[in-house]
Amino acid sequence: MKPNENINEEVKEQKETAQETINEAAENQEETVEAAEPEKELTVEEQLQQKLDEQTILLAAMQDKYLRSVADFDNYRKRTIKEKAELIKTAAEKTITEILPVLDDMERALKTMETAEDVASVREGVDLIYQKFLKTLGQQGLKSIETQGEDFNVDFHEAIALVPAPNDELKGKVLDCVQTGYTLNDKVIRHAKVAVAQ
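Computed from a predicted model, the values in this text were never measured in an experiment.

(A) Seen up close, helix α3 (residues 119-139). With 21 residues, α3 extends 30 Å between its outermost C-alpha atoms, agreeing within 8% with the 30 Å of an ideal straight helix rising 1.5 Å per residue. The complete set of buried residues in α3 reads Ile-129, Thr-136 and Leu-137. Buried positions in α3, seen along its axis, are confined to an arc of 95° and lie on one side of it. Away from the buried face of α3 by more than 90 degrees, exposed residues Ala-120, Arg-123, Glu-124, Leu-128, Lys-135 and Gln-139 are located. On its buried face, α3 is in contact with α2 (44-115) and β1 (142-144).

In structure tokens:
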């Protein structure tokens, strides 16, 4: 059973109990009135007092319901914040776990470099590790921003130098990339630092 259903049941029970109390009080009052003076009706003040008592009981039940709802919402908010923090931790853990094999390859490459005499094979090994690293990051949604020969776009590029254009066709285009930019799931996380032809 849900907390709201529990509250609704409790409020319903409280209303029924309150109504029973009111009914018993009314019966007792009627019996007292009948014993003292048969068939005497309630005065206006007594009727108003009776209605006031009923509304007071109803108000108390509604206040209780309100306080329970506020407490439930506060608990929900705290639980949501905690779940969000756990989700962030788990996401970071997943990414690190996928990068660990690349780290292992780097450690092996460093040990191999200490004794290796063939520079070409070392270079090839490092290039393989680099490609594996890029592939791993790509699986996480990371992509490099294309720059060479592209039109300058402030959404993706940051101009750090303006270079005279060799010809009119290259005006406004990227001539050189000083630092590669990246997007993560199509959101720019680092702009590419480029030299632009003017």
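Picking up where we left off.
(B) Here's a closer look at the sheet that holds strand β5 (residues 187-190). Strand order in this open sheet of three strands is β1-β4-β5, and the pairing throughout is antiparallel. Lying at the two open borders of the sheet, with one neighbouring strand each, are β1 and β5. Neighbour to neighbour, the strand axes of the sheet diverge by 35° on average, direction disregarded. Relative to strand β4 (residues 182-184), β1 runs antiparallel, the two being bridged by three bridges. When the bridges of β4 are listed, Lys-143 appears paired with Thr-183.

(C) Up close: the side chain of Thr-136. Relative to the helices and strands, Thr-136 is located in helix α3. The buried category is assigned to Thr-136, whose relative accessible area is 9%. Ignoring sequence-local partners within four residues, the contact set of Thr-136 consists of Glu-98, Ile-99 and Val-102.

Parameters and conventions
Residues numbered from 1 in each chain as written. Predicted model: local features only at pLDDT ≥ 70, side-chain atom pairs only at ≥ 80, totals over all residues. Heavy atoms only, no water. Helix = DSSP H or I, 4+ residues; strand = E, 2+ residues; numbered from the N terminus. Expected span 1.5 Å × (residues − 1). Buried < 20%, exposed > 50% of the residue type's maximum accessible area, 1.4 Å probe, protein only. Arc of directions from axis to C-beta. Contact = heavy atoms within 4.5 Å. Pairing = 2+ DSSP bridges. Axes fitted to C-alpha atoms, helices over the stretch in contact; angles between N-to-C directions.

So, to be careful, I would describe these as geometric facts and stop short of saying anything about function.
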